[in-house]
There are 2 protein chains.
Amino acid sequence: MTESTYPVIEGAVCPLPLSHDQTIVMGHGAGGKMSQELIRDLFQSRLMNPILAENNDFGRLSIPTNQPGHLAVSTDMHMVTPLFFPGGDIGSLAICGTVNDIAMSGGIPLAITASFILEEGLAINTLAAIVDSMAETARQVGIPIIAGDTKVAEKGNADKIFINTTGIAWVPDSRRIGGQYAHPGDIILLSGTMGDHGIAVLAARGELGFQADVQSDIAPLHGLIGTVLQAAPHTHVLRDPTRGGVGTTLNEIARQSRTSLWIEESLLPVHPTVQAACEMLGFDPLYIANEGKLIVICPPEEAEQALTAMRQHAYGKQAVVIGEVKAEDPGRVLMRTSYGATRLVDTLAGEILPRIC
Amino acid sequence: MTESTYPVIEGAVCPLPLSHDQTIVMGHGAGGKMSQELIRDLFQSRLMNPILAENNDFGRLSIPTNQPGHLAVSTDMHMVTPLFFPGGDIGSLAICGTVNDIAMSGGIPLAITASFILEEGLAINTLAAIVDSMAETARQVGIPIIAGDTKVAEKGNADKIFINTTGIAWVPDSRRIGGQYAHPGDIILLSGTMGDHGIAVLAARGELGFQADVQSDIAPLHGLIGTVLQAAPHTHVLRDPTRGGVGTTLNEIARQSRTSLWIEESLLPVHPTVQAACEMLGFDPLYIANEGKLIVICPPEEAEQALTAMRQHAYGKQAVVIGEVKAEDPGRVLMRTSYGATRLVDTLAGEILPRIC
């Protein structure tokens, strides 16, 4: 590790304003003038809100209700490669990924923090485009970015940019939603096609060997969830099948709730291009990541309303029922295949697609 | 970027439990069985609490009061090198760094999240030691780690381990503490010696050229702050001088509050070894990072009590008054030197010590 250790020059001339043909240097992470300049010219100009404007070590966040309730908090590191891909980029991913995790509580997203590791040599232009995308996505969601941090790693000690986001939602105490609440008899719904995000990222890396017309499904899901909960207020589980895909997510729910989850292969929605890519590569779309899909598990008497409500929302037009919850064989996910056999759907063992989120 | 893209093997034998002579591989970040095993055997066994045990996408956090109040939220990336140094390690740093940022609101720390980027090839043993240190530090502070995330970067695309922590504190609405509240006439106190953390890390890198008997001052400061606020309830500013040191932190406060901050060089406490190291390297201790020091700015009528209270606390034994706030020359920090001259204390321009936090 080389260290540049030049002495502080008192009263040094303030560097010129940040120019977009510059690249990130170590000084941008040192907490001095260059850091302040990067924060002011690049981050604050795009993300500004009254909380950030206070410029303290912490962001002040009010809770907009006197109802009894609690917080739902989630954190995620994002290190997708490439940084930009059809349907999104690391910026929109970093906001949606965390918003979706907190939204799975059934609560109202309140705020998000953003923390960056920048590799020395990253183009300021690239960073600006990513922060623009974060700002735009946060605006769509309707939440402020209330705290941030930037560190710089020497060239070769990071890969361009890594982003952590941590989100906070407010959940009325009356809501009881979580993987542990799946109940025998419940119906399992899925908001749309599986694996679009994973295959879109793979295609953007040029690893498919053919031109694939598939876009990442990145989307903030709190709006779709609001619609579902209005139609099916007794919903037991909300979960977004990201890393590990629908197969791994259903296994988590089966273990948490000590039930078995039964799905029908013929009901599982897959985009034809994703299906073709998976067949070629030997992947199973059940294990390919999504970033804008929702699994809903609700009592049978509310399933029809939930499905109708989902289909009326932009992010749930292709929603389908994919199966049901049973008491027998707790902890397992079982699939009736198109040939009428029953197959165990196991958790993904190792990795199939690294660096996709 | 090389991608290992082997197909999913249905019903594959579950890998053996995590062994401590293993290293991190890409599969530990893929969201499947290996990820779950790492989370269960390494993280959950050390960090477990009822909130993590729910195993949802989000951590549920109750607010333990019905008083009117708000949240203080802060986020920090940590990428110190080396990972272990006299007085601490990246684990204790990641907890204290964020706890201190939220504690500067004057609020009560409630919870923290932890998010990891692991480099392929990192020894499991090293990771276990770091997570042990995080668990121990969080226990000292008395807060749970309520959410986490782990990603793995290919060898050469990260540097061993990067940790993000995001903290949440509860602040009664009656508290009004922040850099913007410094007021002419206020007294400036500092809890102890400057620059210990930065010089300890530098020494651990072997870059001092001599054996230095100096330890990082890493400490959680919420207890010291509680003591100060009891003694000096009208405190206006609390701030921990980390990256950029006391000099840069005072400049931030001067700008936020549109006052000038006047300090006396002869009053600034510096450990003799830190002083010697700084003289040799051409550094000014005013710009060297601390990780367990506190700046307090309070009305003159409460300064004496604040000082007495600080000195009675383990982390404030060497507390001193270092200066006062004035109305003239707003936005500037000025120092009366030991020779009787007045010197402008500017913000640090670029970097002097990268990768120290």
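The present account deals with the structure reproduced in this document. Since the structure is predicted, the reported quantities are computational estimates derived from the model, not experimental observations.

With respect to the interface of chain B and chain A
Right, so step 1: Across the contact, 100 residues belong to chain B and 101 residues belong to chain A.
Right, so step 2: When chain B packs against chain A, close to 8100 Å² is buried across both sides, 54% of that on carbon and sulfur atoms.
Right, so step 3: At the junction of chain B with chain A, the criterion picks out 9 salt bridges.
Right, so step 4: Of the charged contacts in the structure, one is a salt bridge between A:Arg355 and B:Glu154, with a shortest N-O distance of 2.7 Å.
Right, so step 5: The class makeup of the residues in the side of chain B that touches chain A is 40 nonpolar, 34 polar and 26 charged.
Right, so step 6: Sheet topology places strand β2 (residues 69-78) of chain A next to strand β1 (residues 59-61) of chain B; 3 bridges connect them, and they run antiparallel. When the sheet's bridge partners are listed, A:Ala72 is paired in β1(B) with B:Arg60.

So, the relation of the copies chain B and chain A
Right, so step 1: Note on the copies: chain B fits chain A at an RMSD of 0.0 Å, the axial shift is 0.0 Å, and the rotation between them is 180°. Such values leave the two copies arranged in the relation of a two-fold axis. Among all residues of chain B, the minimum C-alpha distance to the rotation axis is found for B:Ala158, at 2.1 Å.
Right, so step 2: Counting the interface residues of chain B, we find that 100% of their copies in chain A are interface residues as well, pointing to one common contact surface.

Description of unusual backbone geometry
A negative phi holds for most residues other than glycine; trans holds for most peptide bonds.
Residue and element names in this part refer to chain A.
Right, so step 1: The amide bond that connects Thr81 to the next residue, Pro82, takes the cis arrangement and shows omega of 5°.
Right, so step 2: Structurally, Pro82 is set in the loop between β2 and β3 (84-85).
Right, so step 3: Look at Lys160: it is not a glycine, yet its phi comes out positive at around 65°.
Right, so step 4: Within the secondary structure, Lys160 sits in the loop between β6 (145-153) and β7 (161-172).
Right, so step 5: Phi is positive for Arg258, which is not a glycine, with a value near 50°.
Right, so step 6: Its place among the elements puts Arg258 in the loop between α7 (245-257) and β10 (260-264).
Right, so step 7: Using a relative accessible area of 68% as the deciding quantity, one classes Arg258 as exposed.

Quick look at the packing of helix α5 (residues 196-204) of chain A against helix α8 (residues 272-281) of chain A
Residues and elements named next belong to chain A.
Right, so step 1: α8 packs onto α5 with a crossing angle of 70° between their chain directions and a minimal axis gap of 10 Å. Taken together, the axis directions place α5 and α8 in an arrangement best described as roughly perpendicular. At the point where α5 passes α8, the crossing takes the left-handed sense. Where α5 approaches α8, its residues Asp196, Ile199 and Leu202 are matched on the opposing element by Val274, Ala277, Cys278 and Leu281.
Right, so step 2: Within the contact of α5 with α8, the residues separate by chemical class into 6 nonpolar, no polar and 1 charged.

Some remarks on the sheet that holds strand β10 (residues 260-264) of chain B
Residues and elements named next belong to chain B.
Right, so step 1: Read across the open sheet, the 7 strands follow the order β9-β11-β8-β12-β10-β13-β14; overall the sheet is mixed. Edge positions in the open sheet fall to β9 (237-239) and β14 (342-344), since each of these has one partner strand only. The average undirected angle you get between the axes of adjacent strands in this sheet is 25°.
Right, so step 2: Across the sheet, helix α7 (residues 245-257) is in contact with β8 (187-190), β9, β10, β11 (295-298), β12 (320-326) and β13 (333-336); its angle to β9 comes to roughly 145°.

Let's talk about the packing of aromatic side chains
All names here are of chain A.
Right, so step 1: Applying the stated criterion to the full structure yields 2 aromatic pairs over all chains.
Right, so step 2: Relative to Phe116, the ring of Phe43 has its centre 4.8 Å away and its plane inclined at 45°; by these criteria the two rings are tilted. Remark: Phe116 occurs in strand β5 (residues 108-119) and Phe43 occurs in helix α1 (residues 33-47); sequence separation between them is 73 residues. There is no split in this pair, since Phe43 and Phe116 are both buried.
Right, so step 3: It is Lys326 that lies over the ring of Trp262; its NZ or CZ is 4.6 Å from the centre.

Points about the sheet that holds strand β1 (residues 59-61) of chain A
Right, so step 1: Reading across from one edge, β1(A)-β2(B)-β7(B)-β5(B)-β6(B) is the order of the 5 strands in this open sheet, with mixed pairing throughout. Of all the strands in the sheet, just β1 of chain A together with β6 (145-153) of chain B have a single pairing partner and so form its edges. Strand-to-strand twist in this sheet, taken as the mean axis angle between neighbours without regard to direction, amounts to 20°.
Right, so step 2: Strand direction decides the pairing type here: strand β5 (residues 108-119) of chain B and strand β7 (residues 161-172) of chain B, joined by 10 bridges, are antiparallel.

Some remarks on the environment of A:Gly206
Right, so step 1: As for its position among the elements, A:Gly206 is in the loop between α5 and α6 (222-231).
Right, so step 2: Sequence separation between A:Gly206 and A:Ser216 is 10 residues; the distance between their C-alpha atoms is 15 Å.

With respect to the packing of helix α3 (residues 90-103) of chain A against helix α4 (residues 124-141) of chain A
Residues and elements named next belong to chain A.
Right, so step 1: Direction vectors running N to C along α3 and α4 enclose 35°, while the axes themselves pass 7 Å from each other. By crossing handedness, the relation of α3 to α4 is classed as right-handed. Judged by residue contacts, Ile90, Gly91, Ser92, Ala94, Ile95, Cys96 and Val99 of α3 engage Ile130, Ser133, Met134, Thr137, Ala138 and Val141 from α4.
Right, so step 2: Of the residues in the contact of α3 with α4, the class split is 9 nonpolar, 4 polar and no charged.

What about the pattern of salt bridges?
Side chains that differ in charge, positive against negative, can pair when their charged atoms come close.
Right, so step 1: Counted by the stated rule, this structure contains 31 salt bridges over all chains.
Right, so step 2: A:Asp159 serves as the salt-bridge partner of A:Arg355, at 3.1 Å between the closest nitrogen and oxygen. In this pair, A:Arg355 is assigned in the segment after β14 (342-344) and A:Asp159 in the loop between β6 and β7, connecting sequence segments 196 residues apart.
Right, so step 3: Owing to a relative accessible area of 8%, A:Asp159 belongs among the buried residues under this scheme.
Right, so step 4: A salt bridge links B:Lys160 to B:Asp159; the nearest nitrogen and oxygen atoms lie 3.5 Å apart.
Right, so step 5: Sharing partners across several salt bridges, the network here consists of A:Asp76, A:Arg243, B:Asp149 and B:Lys151.

Rules of the game
- Residues numbered from 1 in each chain as written.
- Chains lettered and ligands numbered in written order.
- Predicted model: local features only at pLDDT ≥ 70, side-chain atom pairs only at ≥ 80, totals over all residues.
- Heavy atoms only, no water.
- Contact = heavy atoms within 4.5 Å.
- Buried area = accessible area lost by both parts, 1.4 Å probe.
- Salt bridge = Lys/Arg side-chain N within 4 Å of Asp/Glu carboxyl O.
- Nonpolar A, V, L, I, M, F, W, Y, C, P; charged D, E, K, R; others polar.
- Pairing = 2+ DSSP bridges.
- Helix = DSSP H or I, 4+ residues; strand = E, 2+ residues; numbered from the N terminus.
- Least-squares fit on C-alpha atoms with pLDDT ≥ 70 in both.
- Buried < 20%, exposed > 50% of the residue type's maximum accessible area, 1.4 Å probe, protein only.
- Axes fitted to C-alpha atoms, helices over the stretch in contact; angles between N-to-C directions.
- Parallel < 35°, antiparallel > 145°, perpendicular 65-115°, else oblique.
- Left-handed = near helix turned anticlockwise from the far one by under 90°.
- Phe/Tyr/Trp six-rings, centres within 6.5 Å; stacked < 30°, edge-to-face > 60°.
- Lys NZ or Arg CZ within 6 Å of the ring centre and 35° of its normal.

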